[in-house]
Amino acid sequence: MAKDKTQYTCNECGGTSPKWLGKCPHCNAWNTLIESVAESPSAPAKNRFASLAKTAEVTTLADIDATDVQRTPTGHDELDRVLGGGIVEGGVVLIGGDPGIGKSTLLLQALDALQRSGQKTLYVTGEESGAQVALRSRRLGLDGSQVSVLAEIQLEKILATLAHTQPAIAVIDSIQTVYSEQLTSAPGSVAQVRECAAHLTRAAKASGTAIVLVGHVTKEGALAGPRVLEHMVDTVLYFEGDTHSSFRLIRAIKNRFGAVNEIGVFAMTERGLKGVSNPSAIFLSQHSEPVPGSCVMVTLEGTRPMLVEIQALVDSGGPSPRRLSVGLDRDRLAMLLAVLHRHAGVACMDQDVFVNAVGGVRISEPAADLAVMLAITSSLRGKALPKGFIAFGEVGLAGEVRPAPRGQERLKEAAKLGFSVAVVPKANAPKKNDKAFEGLTIHAVERIEEAMSLVRQLAD
Ligand code: TYD
Ligand code: MG
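Residues numbered from 1 in each chain as written. Chains lettered and ligands numbered in written order. Predicted model: local features only at pLDDT ≥ 70, side-chain atom pairs only at ≥ 80, totals over all residues. Heavy atoms only, no water.

## A short note on the overall build of the chain
And then number 1: Scanning the chain from terminus to terminus reveals 10 helices and 23 strands.
And then number 2: The C-alpha extent of the chain, read off along each of the three principal axes, is 80 × 60 × 50 Å.
And then number 3: Looking at the chain as a whole, 48% of its 460 residues are labelled buried.
And then number 4: Within the chain, residue pairs in contact and separated by at least 24 positions form 66% of the contacts whose partners lie at least 6 positions apart.
And then number 5: Summed over its atoms, the accessible surface of the chain is roughly 22,500 Å², and 52% of this surface lies on carbon and sulfur atoms.
And then number 6: Side-chain charges of the chain comprise 48 positive and 49 negative groups, with the mean position of each set lying 2 Å from the other. (Helix = DSSP H or I, 4+ residues; strand = E, 2+ residues; numbered from the N terminus. Buried < 20%, exposed > 50% of the residue type's maximum accessible area, 1.4 Å probe, protein only. Contact = heavy atoms within 4.5 Å. Areas by Shrake-Rupley, 256 points an atom, 1.4 Å probe, with all protein chains shown as cover. Lys, Arg positive; Asp, Glu negative; His and termini not counted. Charge placed at Lys NZ, Arg CZ, Asp CG, Glu CD.)

Printed below as a string of structure tokens:
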């Protein structure tokens, strides 16, 4: 077969060049040319379109036979939860995360469970040797595992193996190690990652094999190849969590076959990752008495409410005080500090402010606002919030406290775990008495200054 020609395409304007240049000759942008495979048109464009139109088939939606997608559970409930019920035939999943967080471990466990349930599986390893994978499987207690392993990084060979063995599910660990001989760029480069993922995606759709691509996250937090893969695949999952703690979260960022923002919670144990089916209280630190600067909130990630402790430390800073956040958005922190100053008269101008969501969990919803502000004020005053206290609610720039979605569910979870005082947005307060809220005194607030004075009264 004649080798396909490669060319360089500009990321900005789409212009092409036969050789690599630092500056795009079309739009003059720097460093935007990326290697790609040139497709040579075989016939003049006009004729080609005319002949293609005859062969392409157009049908109405009603005529398309669409049965609900078949899902195969992986045998790991928490993984199935983020996948939306299990793996889907021909579906492509991208799973990203920091090195060492447990991607290979989890996928090997899932493959083994699938293999044992009678599915044909293939684990393609580009980072470790077959022996290393085998060693891990022994460590995981997967004795006598029948998972097929292929240690290969060349795309064409991987595709040939997939076509030959026709597994139900294949894991490519990792996409950054795979290279196509059609391109001269190094494995892991944007061009290679994009090209290889595109070929594998096409193979998945054509053969019905579900493919899981493992991707590394770069230092900037993006999957290598500036998020080039996210739009190609059906499902994007990210591993989160602190490698120092044993808890790991998997979050669905995109899912064509299920809900997004669903999370699965795992604990890393001696024998691999184990699902945590009732994670609501794992993100609380274990103080016996309340301490200043700590406020518990109820976050609703996906379909499950979870209690997460927000900690703040306000300490006198230098000439340019720092605002740092772990697990929460830093820009939002700056905004909340401004709202706190303007509407509640709490000034932290000359103070360093640090906030942290306990346990390495990342909270993206604005419902954390109220808890963040209460934790900051509590640290500034050196006064702890009352025992058994929770708060949630979004705070707007005008100082208004806005409702969080599905507030009642959050309150029920807090009541279930024995919390006794809640400060929540007015619209989230239950209208009628319900047994589920028993033991929980609920205070409804409309404005941040109201919340502040209420908390001061409660603490005295
Ligand atoms: P790994 O799956 O290799 O991470 P990734 O593929 O995301 O880079 O995870 C490796 C880490 O998990 C490593 O630090 C050791 C730890 N680990 C356990 O704690 N228990 C186990 O049973 C296994 C296999 C790994
Ligand atoms: Mg790995």
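## What to know about the nonpolar core
Grouped burial of nonpolar side chains is what soluble globular proteins tend to show.
And then number 1: Counting 65 residues, the largest nonpolar core has Leu370, Val372, Leu374, Ile376, Phe389, Ile390 and Val423 as the members making the most contacts within it.
And then number 2: Ranked by residues supplied to this core, first place goes to helix H8 (residues 369-381) with seven residues.
And then number 3: Shared between two domains, this core takes at least three residues from each, and those domains are domain 2 (71-277) and domain 3 (294-459).
And then number 4: Setting aside residues up to four positions removed in sequence, Val423 forms contacts with Leu370, Phe389, Ile390, Ala391, Phe392, His443, Val445, Ala451, Leu454 and Val455.
And then number 5: The next biggest cluster of nonpolar side chains, apart from the first, holds 29 residues, and it includes Ile95, Ala110, Leu237 and Leu273. (Core = buried A, V, L, I, M, F, W, Y, C linked by side-chain atoms within 4.5 Å. Domains from an automatic or database assignment.)

## Here we look at the layout of surface pockets
And then number 1: Put simply, the largest pocket is a space of about 570 Å³.
And then number 2: Looking at the largest pocket, it is lined by 22 residues, and the ones nearest its centre are Tyr238, Phe239, Glu240, Arg251 and Arg362.
And then number 3: When contributions to the lining of the largest pocket are tallied by element, the ones reaching two or more residues are strand E11 (235-240) and strand E12 (247-255).
And then number 4: Here the lining of the largest pocket gets three residues from one element, more than from any other, and that element is E11.
And then number 5: Partitioned by chemical class, the residues of the lining of the largest pocket number nine nonpolar, seven polar and six charged.
And then number 6: Counting contributing residues, the lining of the largest pocket receives three or more from each of domain 2 (71-277) and domain 3 (294-459). (1 Å grid on protein atoms, 1.4 Å probe; cavity = no way out; pocket = protein on both sides within 12 Å on 5 of 7 lines; lining within 4 Å. Points joined across faces, edges and corners; volume = space filled by probe spheres on them. Nonpolar A, V, L, I, M, F, W, Y, C, P; charged D, E, K, R; others polar.)

## Some words on empty space enclosed by the protein
And then number 1: In the structure shown here, the tally under the stated rule is three cavities of 30 Å³ or more.
And then number 2: Reported here for the largest cavity is a volume of approximately 140 Å³.
And then number 3: Surrounding the largest cavity, Leu374, Thr377, Ser378, Arg381, Lys383, Ala384, Leu385, Met452, Val455, Arg456 and Ala459 form its lining.
And then number 4: Broken down by secondary-structure element, the contributors of at least two residues to the lining of the largest cavity are H8 and helix H10 (448-459).
And then number 5: Empty space within the second largest cavity amounts to approximately 90 Å³.
And then number 6: The wall of the second largest cavity is formed by 14 residues, among which Leu79, Leu83, Ile87, Leu107 and Val212 lie closest to the centre.
And then number 7: Counting residues per element, the lining of the second largest cavity draws most heavily on helix H3 (residues 103-116), which supplies four residues.
And then number 8: Of the residues in the lining of the second largest cavity, the class split is 13 nonpolar, one polar and no charged.

## Remarks on the environment of Ala357
And then number 1: Checked against the element boundaries, Ala357 lands in strand E18 (residues 351-357).
And then number 2: Of the residues examined, Ala357 reaches a relative accessible area of 2% and is grouped as buried.
And then number 3: Separated by 29 residues in sequence, Ala357 and Leu328 have C-alpha atoms that sit 6.9 Å apart.
And then number 4: Residue contacts for Ala357: discarding those within four places in its chain leaves Val308, Glu309, Ile310, Val326, Gly327, Leu328 and Ile363.

## Overview of the pattern of salt bridges
And then number 1: Going through the model one piece at a time under the given rule, you end up with 17 salt bridges.
And then number 2: When the shortest N-O distance is used, the salt bridge between Glu289 and Lys387 registers 3.3 Å. On the criterion of sequence distance, the pair formed by Glu289 in the loop between strand E14 (272-275) and strand E15 (294-301) and Lys387 in the loop between H8 and strand E19 (389-391) is long-range, its members being 98 residues apart.
And then number 3: Ionic pairing is found between Glu413 and Lys416, a salt bridge with its closest N-O pair at 3.6 Å. Linking Glu413 with Lys416, this pair stays in helix H9 (residues 407-416), spanning three residues, or about one helical turn.
And then number 4: Residue classification places Glu413 among the buried positions, given a relative accessible area of 8%.
And then number 5: On the accessibility criterion, Lys416 (61% relative accessible area) is exposed.
And then number 6: Taken together, the salt bridges that share partners define one network made up of Arg332, Asp369, Glu394, Glu400 and Arg402. (Salt bridge = Lys/Arg side-chain N within 4 Å of Asp/Glu carboxyl O.)

## Remarks on the packing of aromatic side chains
And then number 1: Applying the stated rule across the entire model yields zero aromatic pairs.
And then number 2: The ring of Phe392 is capped by Arg410, whose NZ or CZ atom sits 5.5 Å from the centre of that ring. (Phe/Tyr/Trp six-rings, centres within 6.5 Å; stacked < 30°, edge-to-face > 60°. Lys NZ or Arg CZ within 6 Å of the ring centre and 35° of its normal.)

## Structural notes on the side chain of Ser36
And then number 1: Tracing the sequence through the fold places Ser36 in strand E3 (residues 33-37).
And then number 2: Only 2.8 Å separates the side chain of Ser36 from the side chain of Thr9, close enough to count as a polar contact.
And then number 3: When residues no more than four places from it in sequence are discounted, the contact partners of Ser36 are Lys5, Thr6, Gln7, Thr9 and Leu183. (Polar contact = N/O pair within 3.5 Å; in protein donor to acceptor, adjacent residues only side chain to side chain.)

## A word on H9
And then number 1: Among all positions of H9, only Gly407, Arg410, Leu411, Glu413, Ala414 and Ala415 are buried.
And then number 2: Where H9 is buried, its residues meet E15, strand E16 (304-316), E19, strand E22 (421-425) and strand E23 (441-445).
And then number 3: Phi turns positive, to about 85°, at Gly418, one or two residues after H9.

## Some thoughts on the site of ligand 1
And then number 1: Inspection of the region around ligand 1 gives 16 residues, with Gly100, Lys103, Ser104, Thr105 and Arg136 positioned closest.
And then number 2: Taking Arg136, its side chain carries an N or O atom lying 2.8 Å from an oxygen atom of ligand 1.
And then number 3: The backbone of Glu270 places a nitrogen or oxygen atom 2.9 Å from an oxygen atom of ligand 1.
And then number 4: When ligand 1 is considered free in solution it has 560 Å² of accessible area, and contact with the protein chains removes 77% of it.
And then number 5: Residue assignment for the shell around ligand 1 shows that the elements contributing at least two residues are H3, helix H4 (130-139) and strand E13 (263-269).
And then number 6: If one sorts the elements of the shell around ligand 1 by residue count, H3 sits on top with three residues.
And then number 7: In terms of residue class, the shell around ligand 1 is made up of four nonpolar, six polar and six charged. (Near = heavy atom within 4 Å.)

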